[in-house]
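Per-entry structural report
Residues per chain, in single letters:
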Amino acid sequence: MKSFIVLASLVSLSVTAPAGLATRDEKCPAIPQIAPTGQLPPGTLSPTFLLPISQKKPDKAFPGGQTAIVTPHDKCTLTRFDIPASAQNKTCSLTLFLGGCEGGDERGPGNIIFQGNLGVRYPVPGQTTWNNQPPLSPPFTDAPLIKLGNAYRLGGGPCDYTEGQAFTSVGGSICSNDTTLSFTQSNGGHGKCPVGFHLIIT
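This structure is a prediction, so every number in the text was calculated from the model and none was measured.

1. Quick look at the overall build of the protein
Each helix and strand counted, the protein has 1 helix and 10 strands in total. Counting from the amino terminus, helix and strand elements in the protein follow one another as α-β-β-β-β-β-β-β-β-β-β. When each of the 202 residues of the protein is scored for burial, the buried share is 50%. For the protein, the exposed surface amounts to about 9300 Å²; the carbon and sulfur share of it is 55%.

2. Digging into the state of the cysteines
Taken as a whole and assessed by the stated rule, the structure comprises 3 disulfides. The disulfide partner of Cys28 is Cys193, and the S-S distance across this bridge is 2.1 Å. Taking the torsion about the sulfur-sulfur bond, which here is approximately -95°, the covalent link between Cys28 and Cys193 counts as left-handed. Remark: Cys193 occurs in the loop between strand E9 (180-184) and strand E10 (195-201) and Cys28 occurs in the loop between helix H1 (2-16) and strand E1 (49-54); sequence separation between them is 165 residues. Relative accessible area serves as the criterion here: at 5%, Cys28 is assigned to the buried category. Judged by its relative accessible area of 9%, Cys193 is buried.

3. Let's talk about the nonpolar core
Counting residues in each nonpolar core, the largest one holds 27 residues, and the members touching the most others are Ile83, Phe114, Ile146, Phe183 and Phe197. Those elements giving two or more residues to this core turn out to be strand E2 (67-70), strand E3 (75-84), strand E4 (91-98), strand E7 (151-158), strand E8 (167-175), E9 and E10. The contacts of Ile83, once residues within four sequence positions are left out, are Leu45, Cys92, Cys159, Asp160, Ala166, Phe167, Thr168, Val170 and Leu199. In terms of nonpolar packing, the next biggest core, distinct from the first, is built from 7 residues, Ile31, Ile34, Phe97 and Ile200 among them.

4. Comments concerning unusual backbone geometry
Of note in the backbone geometry, His73 takes a positive phi value of approximately 55° without being a glycine. One non-glycine residue, Asn89, lies in positive phi territory at about 70°. Taking relative accessible area as the criterion, Asn89 reaches 75% and is therefore assigned exposed.

5. Overview of the sheet that holds E7
Strand order across the open sheet formed by 3 strands is E7-E4-E10, with antiparallel pairing between neighbours. Looking at the sheet topology across the chains shown, the edges are occupied by E7 and E10. Averaged over all pairs of adjacent strands, the angle between strand axes in this sheet comes to 15°, irrespective of strand direction. As defined by bridge partners, E4 adjoins E7 across 7 bridges and the pair is classed as antiparallel. Bridge assignment links Cys92 to a residue of E7, and that residue is Gly157.

6. Regarding the pattern of salt bridges
Per the counting criterion, the structure on display carries 2 salt bridges. For Asp82, the salt bridge goes to Arg80, with nearest N and O atoms at 3.0 Å. Note that Asp105 and Arg107 form a salt bridge whose closest N and O atoms lie 3.0 Å from each other.

7. Concerning the sheet that holds strand E6 (residues 113-116)
Overall, antiparallel pairing links the 4 strands, which are arranged E1-E3-E8-E6 in an open sheet. Looking at the sheet topology across the chains shown, the edges are occupied by E1 and E6. Across the sheet, the axes of successive neighbouring strands diverge by a mean angle of 25°, strand direction being ignored.

8. Notes on the side chain of Ser169
Mapped onto the elements of the fold, Ser169 is located in strand E8. A distance of 3.5 Å separates a polar atom in the side chain of Ser169 from a polar atom in the side chain of Arg80. Within polar-contact distance, the side chain of Ser169 engages the side chain of Asp82 at 2.6 Å.

9. Re the environment of Leu136
Examined against the element boundaries, Leu136 turns out to sit in the loop between E6 and E7. Residue Leu136 is classed as partly exposed on the basis of its relative accessible area of 22%. Sequence separation between Leu136 and Leu118 is 18 residues, and the spatial gap between their C-alpha atoms is 5.3 Å. Ignoring any residue separated from it by four or fewer positions in sequence, one finds Leu136 in contact with Gln115, Gly116, Asn117, Leu118, Gly172 and Ser173.

Conventions we followed
- Residues numbered from 1 in each chain as written.
- Predicted model: local features only at pLDDT ≥ 70, side-chain atom pairs only at ≥ 80, totals over all residues.
- Heavy atoms only, no water.
- Helix = DSSP H or I, 4+ residues; strand = E, 2+ residues; numbered from the N terminus.
- Buried < 20%, exposed > 50% of the residue type's maximum accessible area, 1.4 Å probe, protein only.
- Areas by Shrake-Rupley, 256 points an atom, 1.4 Å probe, with all protein chains shown as cover.
- Disulfide = S-S within 2.5 Å.
- Core = buried A, V, L, I, M, F, W, Y, C linked by side-chain atoms within 4.5 Å.
- Contact = heavy atoms within 4.5 Å.
- Pairing = 2+ DSSP bridges.
- Axes fitted to C-alpha atoms, helices over the stretch in contact; angles between N-to-C directions.
- Salt bridge = Lys/Arg side-chain N within 4 Å of Asp/Glu carboxyl O.
- Polar contact = N/O pair within 3.5 Å; in protein donor to acceptor, adjacent residues only side chain to side chain.

The structure is reproduced here in structure tokens:
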């Protein structure tokens, strides 16, 4: 249950202390508090994998990868991060970067539904389907409108830590009732912008 508490913090803290939309510079959108240059600081975590599931194909298991896809009333993407024990007593900020989104696509108003994994179990590529997806927390009620070309700090809190374990998993889900969104994870650098979900540790 500890991972649920942290995931809830990563998302729901934005309700009491919203981070808002990041500022933009000439190249990559920045998040002033934690990514002021628009690039990821050292030690940033990327998802272990992204895993699509489909409401219209509820028993189909997809492979994991680094590409997210959301479509209205159908496809959602499950996420998982493995937070190392070295992050104990540090702050984890959940971010979404969509600047420099070569190959990214968005259609619709940008209403993305964010939910945290309750920590009971985590998705398994090639096995997890819509019908057997892990239990999720209620949707985050104060999510910003998500638009390509911007970067968002979705929330933050103490990094999850489990004594005696090398890492602790957290995760969640993104869906939508009215928006199509797709992107492929990238760490940026070398003149390119970071893209996708990243956990910035400070």
